[in-house]
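# Structural features, examined
Spelled out, the chains give:
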Amino acid sequence: MEVTNKYVAIKANIDGAPQESDFELKNGSFSLLVKPGSKDVIIKNLYVSIDPYQINRMKIASDSQTTSVFATMIDPGKVIDAYGVGIVIASGNPEFEKDDYVVGLLSWGEYCVYNGPYLNKLDPMGLPLSYYVGALGLSGLTAYAGFFEICKPKKGEKVFVSAASGSVGNLVGQYAKQFGCYVVGCAGSPKKVKLLKEKLGFDEVFNYKEEPDLNLALKRYFPDGIDIYFDNVGAEMLEAAILNMNLHGRIAVCGVISEYTDNGKRAIPDMLSVIYKRITIRGFLAGDHMGMFPEFFSTTIDHLNTGKMQVLEDVSFGLEGVPSAFVGLFRGDNVGKRIVQVSND
Ligand code: NAP
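Residues numbered from 1 in each chain as written. Predicted model: local features only at pLDDT ≥ 70, side-chain atom pairs only at ≥ 80, totals over all residues. Heavy atoms only, no water.

Right, let's get into the packing of aromatic side chains. Centre distance and the angle of the planes are the two values used to describe a pair of aromatic rings. As enumerated under the stated definition, the model contains 21 aromatic pairs in all. Consider the rings of Phe30 and Tyr111, whose centres lie 5.4 Å apart with planes at 20°: the pair is stacked. Here Tyr111 lies in strand 6 (residues 111-114) and Phe30 lies in strand 2 (residues 23-31), a separation of 81 residues in the sequence. Accessibility classification places Phe30 together with Tyr111 in one group, the buried group. Seen in terms of ring centroids, Tyr182 and Phe222 are 6.5 Å apart; in terms of plane orientation they differ by 90°. Their pairing is edge-to-face. (Phe/Tyr/Trp six-rings, centres within 6.5 Å; stacked < 30°, edge-to-face > 60°. Helix = DSSP H or I, 4+ residues; strand = E, 2+ residues; numbered from the N terminus. Buried < 20%, exposed > 50% of the residue type's maximum accessible area, 1.4 Å probe, protein only.)

Following this line, the structure appears as structure tokens:
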């Protein structure tokens, strides 16, 4: 049976800050039947993830496009793959049955067909399906692997996290607090600052947009220096953090969102500081740490069930809202994990 599949596409490659007008809602014809002999899984998308890295896939060229299977170039007019949760409509793969919930690489569309390795059956265990897109999905793994594996924390260490109210950042702060670190975050509005301090228990939070000198701001919040910096933004914030790092400090470079939409913007780190303070600066991709998934998952479920961690998510309804949800990431519109619910569970 053929249906119409609505999906979101870019009109042309994007250079600079994305606008809603860079996107279009397209209609494709889509078969709900499995091709005979194929291992295709036909999926109705329920919740799809809205992630900053997609902007690097939309550019005419970016280093990211050739270094990760998840970050290949997006062609104008074509379906955009994205992490999400869906429900199986039909399957030629014996591992999946009709009505199974699945999590993995879906699309910014109503339906998708998948026959690759990045799809798993999902037992929601009574928790909202959206949790599996964010806190219990790749954002969670990014925060967990980045903090524990890349930053190698010790109890009592002083941790700084940028974009702290975002999907990854809020979880890094919460893991660090649970582990026994002193945690300072920065975020881009008074509302976000209040929420991180009052709801998520960060020790201190500041609004970086109100700080004329980021170096001085960090000196104020870390009079004894920073041991760990979890970087989500790059540029000036990374430069300021390096100036305030302690000896043998660790910096996990998770993302550099302030540089994604501005080709002229790059961090100019004080390398003398890096050398003499023996700072480790390490970039990482969550996809390289899938081996930590079971540990991450059981720890996080435990923290959620015992109320030690909170889920911060920002869910809107309707596929047509994907462009504004995505564009808003670069304006700081979101509080927590940005997700679009495409259809009802
Ligand atoms: P997010 O933090 O939920 O959303 C983006 C946030 O970034 C915005 O809410 C905004 O918060 C902040 N931001 C936007 N433009 C900024 C700018 N010019 N300067 C400073 N802050 C800005 O997104 P996320 O999914 O959690 O991703 C966070 C970072 O991690 C991104 O850089 C992303 O690419 C990266 N990431 C990496 C991996 C990996 O495997 N390495 C995986 C997932 C995500 P404010 O209001 O605070 O400005």
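So much for the structure itself; the text now carries on.
Enumeration according to the criterion identifies 16 salt bridges in this entry. Of the charged contacts, one joins Glu236 and Lys265 as a salt bridge, the two residues approaching to 3.7 Å between their closest N and O atoms. Of this pair, Glu236 sits in helix 6 (residues 235-243) while Lys265 is found in the loop between helix 7 (257-260) and helix 8 (271-276), placing the two residues 29 residues apart along the sequence. According to the relative accessible area criterion, Glu236 is partly exposed, its value standing at 39%. In this structure, Glu259 engages Arg266 in a salt bridge whose closest nitrogen and oxygen atoms are separated by 3.9 Å. Glu259 sits in the buried class, given a relative accessible area of 10%. On the basis of relative accessibility, which here comes to 46%, the residue Arg266 falls in the partly exposed class. Taken together, the shared-partner salt bridges in this structure form one network comprising Lys154, Glu157 and Arg250. (Salt bridge = Lys/Arg side-chain N within 4 Å of Asp/Glu carboxyl O.)

Ranked by internal contacts, the top residues of the largest apolar core, which has 52 residues, are Tyr132, Leu136, Phe147, Tyr175, Phe202 and Phe230. A total of six residues in this core trace back to one element, the largest contributor, which is helix 2 (residues 138-150). In this structure Tyr175 touches Gly140, Ala143, Tyr144, Phe147, Phe148, Phe296, Thr300 and Met309, once residues within four positions along its chain are discounted. Formed by 44 residues, the second largest nonpolar core is a distinct cluster that contains Ile55, Phe160, Ala217 and Tyr221. (Core = buried A, V, L, I, M, F, W, Y, C linked by side-chain atoms within 4.5 Å. Contact = heavy atoms within 4.5 Å.)

The next point concerns the site of the ligand. The immediate surroundings of the ligand are formed by 26 residues, with Ser167, Lys192, Tyr208, Tyr260 and Asn334 found nearest. With respect to the ligand, the backbone of Gly188 contributes an N or O atom lying 2.9 Å from an oxygen atom. Contact distances for the ligand include 3.0 Å between a nitrogen atom and a backbone N or O atom of Cys254. Breaking the shell around the ligand down by element, the ones donating at least two residues are helix 3 (167-179) and helix 7. (Near = heavy atom within 4 Å. Polar contact = N/O pair within 3.5 Å; in protein donor to acceptor, adjacent residues only side chain to side chain.)

In this section: helix 10 (residues 322-329). Helical geometry note: an α-helix holds 3.6 residues per turn, so side chains three or four residues apart project in the same direction. A large share of helix 10 lies buried, amounting to seven of its eight residues. Those residues of helix 10 lying buried are Val322, Pro323, Ala325, Phe326, Val327, Gly328 and Leu329. Where the residues of helix 10 are buried, they touch strand 1 (2-10), strand 2, helix 1 (54-58), helix 7 and strand 15 (337-341).

For the rest of this paragraph, the subject is the packing of helix 2 against helix 3. Two elements in contact, helix 2 and helix 3, have axes separated by 8 Å at closest approach and are oriented at 45°. Relative to helix 3, the element helix 2 lies oblique. Crossing handedness for the pair helix 2 and helix 3: right-handed. In contact with Ser139, Gly140, Thr142, Ala143, Tyr144, Phe147 and Phe148 of helix 2, helix 3 contributes Ser167, Val168, Leu171, Val172, Tyr175, Ala176 and Phe179. (Axes fitted to C-alpha atoms, helices over the stretch in contact; angles between N-to-C directions. Parallel < 35°, antiparallel > 145°, perpendicular 65-115°, else oblique. Left-handed = near helix turned anticlockwise from the far one by under 90°.)

Now for the environment of Asn246. Relative to the elements of secondary structure, Asn246 occurs in strand 12 (residues 245-253). Separated by 18 residues in sequence, Asn246 and Ile228 have C-alpha atoms that sit 8.6 Å apart. Excluding its chain neighbours within four sequence positions, the residues that come into contact with Asn246 are Asp224, Gly225, Ile226, Asp227, Lys277 and Ile279. One polar contact links the side chain of Asn246 to the main-chain carbonyl oxygen of Gly225, over a distance of 3.4 Å. For Asn246, the side chain forms a polar contact with the side chain of Asp227, separated by 3.0 Å.

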